[in-house]
Amino acid sequence: MRKKFIVAAILLLCAGSASVFARESIESLGFSLDTVWLFIGSILVFIMQAGFALVETGLTRAKSAANITMKNVMDFCFGAIVYWAVGWGFMYGKDSLGGLIGADQFFHSPMNLDIEAGNFYRTWFFQAVFAATSATIVSGAMAERTQFKSYLIYSCVISALIYPVSGHWIWGDGWLAKLGFHDFAGSTVVHSVGGWAAFTGAAVLGPRMGKYIKGADGKISVKAFPGHNIPYAALGVLLLFFGWFGFNGASTGAATIAEGGVWSGLAVGRVAVTTCLAASAGAVAALLFSWIWFKKPDVSMTLNGLLAGLVAITAPCAVVSPGASIAIGLIAGVLVVLAVEFIDKAIKVDDPVGAVSVHCVCGIFGTIAVGVWGNVDGVAVGLLHGGGLAQLGVQLAGVVSVGGWAVLVSLILFLAIRMIFGLRVSPREELVGLDLSEHKSEAYAGFQIFSNM
């Protein structure tokens, strides 16, 4: 009897140990898989930097192509350093000042190999490429007439301060998060912030020479400056489309962790579907709408329509149905065409690539869409699902507050840069092109494929 008892005790001990070991092994495997998924998503978002470079280069004139390429390379390189130094702390540090800003984890460098350190490093990498996206949006709107050094100064400030502070409000458990504001992957946090800053910068900078011409009758005519390489722009848009599956998909933060009974892997699938459908619908809507308006299917408008659908679905991608995502994309595709025409011809802010229309206008729309079609955490909060106006009001409050922050700080920054360092190149340098005047090099050395006049 005693031997049987001892054997039974040993078996129970072994079973318990095996159970603990299995549980720890599963948790370890889950953490590893989540890390791999977040790393893959980060790489996909990083590829978007090449997409932005190609889009902006293709939609502008050849004489500043190398300059635009340099901006898209260096705003990430400078931005990554300042985001590690202070941006991360402002965004994800300990909440302070009533949810306005993070207050620790500056120059954060954990060297111990534990879960907390591993979580920091994988999350930091993902957030760093997001910060670079927000900064690079400004490049296109201010293309062909901005001093290179001044652009670098601005890029550092948006990655170190502007993006992290408003990001803390929403993703760092700040005051907007506590109100229930929902922005799954960054229609407001990333795109609207970059878009508002782009609008402010373009307005302070002024239009390119010859863009708005006043005639003898006092009327102002708007001159179009066609992009020099539409295939570049199309390739860039396709790279952005490809990278966006990481942008939205990896914003689940994990691929295996179950939260509220829902596995993150299931959310990844839905996010991928809504992202794909919204982008496709945006391109279709912009194509058809521009075809009706301009009598021809406009290539650049169609490309921007695809991007508009992507930006608009970024906030609600995890909380809307496939049908709703198509509706969001269709509206965004029409909205971006109207916005490009309004900004260019009505208020006369020169945005060479339509960055403000795509990222600011459609970012705002996508954020509001949560309050119209959203179903957050299994609760119908969207107006069309009987959720009332509460969520819509919270979304609007977020749009206004983040927009106000981005515009105010950007305006102060651009005016200060203009006063201290100079913001715009000289008329002669603009006429020659920024490749030669800013870098003493040419994107297409040996090929005279453009006119400076």
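The rules behind each value
Numbers given to residues run from 1 along each chain, matching the order in which its sequence is written. Residues qualify for local features only when their pLDDT is at least 70, as the model is predicted, and side-chain atom pairs are given and counted only at 80 or more; totals for whole chains, interfaces and linings, by contrast, use all residues. The side-chain numbers reported here are obtained from all heavy atoms of the structure, hydrogens and water having been left aside. By definition, pLDDT measures how confident the predictor is in each residue, and it falls between 0 and 100. Residue contacts are defined here by distance: any two heavy atoms, one from each residue, within 4.5 Å place the two residues in contact. Among buried residues, the Ala, Val, Leu, Ile, Met, Phe, Trp, Tyr and Cys ones that are joined through side-chain atoms within 4.5 Å form a nonpolar core. Any residue under 20% of the maximum accessible area for its type is buried, any over 50% is exposed, and the rest in between are partly exposed; the area is computed with a 1.4 Å probe on protein chains only. Comment: elements are numbered from the N terminus, with helices defined as DSSP H or I runs of at least four residues and strands as E runs of at least two. Here a helix's expected span is defined as the number of its residues, less one, multiplied by 1.5 Å. Classification of ring pairs rests on two measures: the distance between centres of Phe, Tyr or Trp rings, Trp counted by its six-membered ring, which must be within 6.5 Å, and the angle between planes, read as stacked under 30 degrees, edge-to-face over 60 and tilted in between. Think of it as a cone above the ring: NZ of Lys or CZ of Arg counts as a charge over the ring if it is within 6 Å of the ring centre and within 35 degrees of the ring normal. Here an axis means a line fitted to C-alpha atoms, over the contact stretch when the element is a helix, while the angle between two N-to-C directions is reported on a 0 to 180 degree scale. Orientation is classified from the angle alone, with under 35 degrees giving roughly parallel, over 145 giving roughly antiparallel, 65 to 115 giving roughly perpendicular, and any other angle giving oblique. In this scheme, a crossing is called left-handed if the near helix is turned counterclockwise away from the far one by less than a right angle; it is called right-handed if the turn is clockwise. Polar here means any residue other than Ala, Val, Leu, Ile, Met, Phe, Trp, Tyr, Cys and Pro, which are nonpolar, and Asp, Glu, Lys and Arg, which are charged; Gly is therefore polar. Polar contacts, as used here, are pairs of N or O atoms within 3.5 Å; protein pairs need one atom able to donate a hydrogen and one able to accept it. Residues neighboring in sequence count only if both atoms are side-chain atoms. Throughout, disulfides are identified as pairs of cysteine sulfur atoms within 2.5 Å of each other.

Q: Explain the confidence of the model for the protein chain to me, using residue names and the numbers behind them.
A: When pLDDT drops low, the exact placement of atoms in the prediction is not to be read closely. Mean pLDDT over the protein chain works out to 90, with 90% of the residues at or above the 70 mark. The low-confidence segment residues 11–22 (pLDDT under 50) makes zero contacts with residues lying over four places distant or belonging to another chain.

Q: Describe the nonpolar core, and please don't skip the residues or the numbers.
A: Grouped together as the largest cluster of nonpolar side chains are 105 residues, with contacts concentrated most on F130, Y154 and Y163. The contact partners of Y154, leaving out residues within four places of it in the chain, are A135, V138, I162, A197, S410, L413, F414 and I417.

Q: I'd like to hear about helix α9 (residues 299–314), residue by residue, with values.
A: In this model α9 runs 23 Å from its N-terminal to its C-terminal C-alpha over 16 residues, within 8% of the 22 Å that 1.5 Å per residue would give. Extensive coverage of α9 is indicated by the burial of 14 of its 16 residues.

Q: Would you mind going over the packing of aromatic side chains in detail, with residue names and values included?
A: Taken as a whole and assessed by the stated rule, the structure comprises 19 aromatic pairs. Centre to centre, the rings of W88 and Y92 are 4.7 Å apart; their planes meet at 40°, and the pair counts as tilted. Highlighted residues: W88 and Y92, both in helix α2 (residues 65–92), separated by four residues, approximately one helical turn. Site record: aromatic cluster; members linked through ring pairs are F126, F130, W171, W244 and F247. Its end group placed over the ring of F225, R61 keeps NZ or CZ at 4.1 Å from the ring centre. Lying over the aromatic face of Y151, K71 brings its terminal NZ or CZ to 5.2 Å of the ring centre.

Q: Which residues make up the packing of α9 against helix α11 (residues 355–373), and what are the values?
A: Where α9 contacts α11, the two axes come as close as 8 Å, and the packing angle between them is 40°. In this view, α9 runs oblique relative to α11, as classed from their interaxial angle. Pair α9 / α11 crosses with right-handed handedness. Seen from α9, the contacting residues are N304, L307, A308, V311 and A312; seen from α11, they are V358, H359, C362, G363, F365 and G366. A breakdown of the residues in the contact of α9 with α11 according to their chemical character gives seven nonpolar, four polar and no charged.

Q: I'd love a proper account of the side chain of S64, names of residues and values included.
A: By the secondary structure assignment, S64 is in the loop between α1 (2–58) and α2. Taking relative accessible area as the criterion, S64 reaches 1% and is therefore assigned buried. Leaving out residues up to four positions away in the same chain, S64 has contacts with E144, G433, L434 and D435.

Q: Now, about helix α6 (residues 187–205): what can you tell me, with residues and values included?
A: The first and last C-alpha atoms of α6 sit 25 Å apart over 19 residues, in line with the 27 Å expected at 1.5 Å per residue. Taking burial as the measure, the 19 residues of α6 include 16 buried ones, the bulk of the element. Once α6 finishes, G206 follows within two positions and takes phi at roughly 90°, a positive value.

Q: Residues and numbers for the side chain of S96, please.
A: If you trace the backbone, S96 turns up in strand β1 (residues 95–96). Separated by 2.9 Å, the side chain of S96 and the backbone oxygen of I101 make a polar contact.

Q: Requested: an account of the state of the cysteines, with residues and values cited.
A: Put plainly, a disulfide is one covalent bond tying together the sulfur atoms of two cysteines. Counting across every chain of the model gives zero disulfides. The thiol of C360 is unpaired, and the distance to the nearest cysteine sulfur, on C362, comes to 9.4 Å.

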